[in-house]
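Structure at a glance
Chain residues, written in single-letter form:
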Amino acid sequence: MDQNRKKQLIWQVPFLLLLIIGTILIIRQQQDTPYKTAHGLIFGTSYKLTYEADAELQKEIEESLKEVDSALSMFNEQSVISRINRENGGEANEMFMEVFNKAMEISKETNGAFDITVAPLVNAWGFGFKSGETPTRHQVDSILHFVGWNKVWAEGNTIKKKDRRVMLDCSAIAKGYGVDIVARLLKSKGIQNFMVEIGGEIVISGISPKRVPWKIGVIKPNDDSLSIDNEYQTCLNVTDKAMATSGNYRRFYYKGGKRYAHTIDPKTGYPVQHNILSATVLANDCATADAYATSFMVMGLEKAKAILEKHPELMAYIIYNDDNNKSAVWYSPSLKNKIEE
């Protein structure tokens, strides 16, 4: 071995040792960093977090969620959306605009299956104000005059309405967005390993406290209206993804011997009648997953498949009743190796 080669090796050895030692220290530090939890109530439901960090972040988490509430909650009379609903549109903040623009984009992609103006129809069918009264055809037609995603638009940060009666309701996207906001907070703190869940909508990143990829369950559809029996249909081994589920199997009522689902088709004004029981969607962000899960419940299985073909960044696990009225499953081919039966 010539002298130059020996000198190169002599200089390289210390750098290799430092690299190895540094790697060991980083791994040890990661193993020593504890996982913390946070939980509470928001948006009329519960939230729960598990995250790896040295510091407690409960206060900052709650502050972030309150910001979302002040922008999007219809139960908060001082929120941006409440003010816009009371008035004929008006100025909106950055957080509201981010959700509004995404909602408009998905409404366009789904040909109106997703629609944040559908609340008056939902209320008329008895799910908003729990009236239990079946609306007449005339009532439905009257409401349809001021329902439709194309009856509202933005000019800069100002929301405009074609009709003052247009009511915005972001409940089918707000929970997912809230999850995204908390996930952004954690990432801004350099936290890579976490799970954020609000009312069943989830974002997961990195690894779990067991140092393995996260497992998230898809609940088996049943008529357990009290949500006591959360039996899982399957588990998905995924990470660095968002997941949201929408279903008709718990929210419905019977009238005149007929079952009415809570999902209303914004175009017809009537509850959907197809065979999907639940739609679970995985996406890069939870607001998107949340909105598409609702859209698929409106569209039905075949139209949902067409959307998924157009958007390979989305994955779905759909539970439905087959022609024999028995539970069946369809899922995106890209999910095949992630399903734990």
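Provided above is the structure to which this section pertains.
What counts, and at which threshold
Residues numbered from 1 in each chain as written. Predicted model: local features only at pLDDT ≥ 70, side-chain atom pairs only at ≥ 80, totals over all residues. Heavy atoms only, no water. Pairing = 2+ DSSP bridges. Helix = DSSP H or I, 4+ residues; strand = E, 2+ residues; numbered from the N terminus. Axes fitted to C-alpha atoms, helices over the stretch in contact; angles between N-to-C directions. Contact = heavy atoms within 4.5 Å. Core = buried A, V, L, I, M, F, W, Y, C linked by side-chain atoms within 4.5 Å. Buried < 20%, exposed > 50% of the residue type's maximum accessible area, 1.4 Å probe, protein only. Arc of directions from axis to C-beta. Parallel < 35°, antiparallel > 145°, perpendicular 65-115°, else oblique. Left-handed = near helix turned anticlockwise from the far one by under 90°.

Comments concerning the sheet that holds strand β7 (residues 201–205)
Sheets are built from strands paired through backbone hydrogen bonds, the pairs being either parallel or antiparallel. One open sheet accounts for eight strands, arranged β1-β2-β6-β7-β10-β13-β14-β15; its pairing is antiparallel. Edge positions in the sheet fall to β1 (35–42) and β15 (327–331), since each of these pairs with one other strand and no more. Looking at each pair of strands side by side, their axes are set apart by 10° on average, direction ignored. With eight bridges connecting them, β1 and strand β2 (residues 45–52) associate as antiparallel partners. Bridging from a neighbouring strand, T37 pairs with T50 of β2. Sheet strands in contact with helix α2 (residues 58–72) are β1, β2 and β6 (194–198), and its direction is about 140° off that of β2. Across the sheet, helix α7 (residues 171–188) is in contact with β2, β6 and β7; its angle to β6 comes to roughly 155°.

What to know about the nonpolar core
Core analysis: the biggest nonpolar cluster contains 61 residues, and L72, F96, F100, I159, L168 and F296 have the highest contact counts within it. No other element matches helix α8 (residues 286–299), which puts nine residues into this core. Aside from chain neighbours lying at most four places away, what touches F296 is H274, I276, A279, V281, A304, I307, L308 and A316.

Points about the sheet that holds strand β3 (residues 90–91)
Within the open sheet, the three strands sit side by side as β3-β5-β4. Their pairing is antiparallel. Each of the sheet's edge strands pairs with one partner strand only, and the pair in question is β3 and β4 (152–155). For β4 and strand β5 (residues 158–161), the ladder comprises four bridges, and the chain directions are antiparallel. Residue pairing for β5: V152 is matched across the bridge by K161.

Here's the deal with helix α9 (residues 301–310)
Residues L301, A304, I307 and L308 constitute the buried set of α9. Mapping the buried residues of α9 onto a view down its axis gives an arc of 120°, with all of them on the same face. In α9, those exposed residues whose orientation departs by more than 90 degrees from the buried face are E302, K303, E309 and K310. Check the buried side of α9 and you find it contacts α4 (94–109), β13 (276–283), α8, β14 (315–321) and β15.

Concerning the packing of α4 against α7
At a closest axis distance of 11 Å, the pairing of α4 and α7 adopts a crossing angle of 125°. Accordingly, the angle class assigned to the pair α4 and α7 is oblique. Judged by the sense of rotation from one axis to the other, the crossing of α4 with α7 is right-handed. Judged by residue contacts, M95, E98, V99, K102 and A103 of α4 engage I173, Y177, I181 and R184 from α7.

These results come straight from atomic positions and should not be treated as a statement about function.
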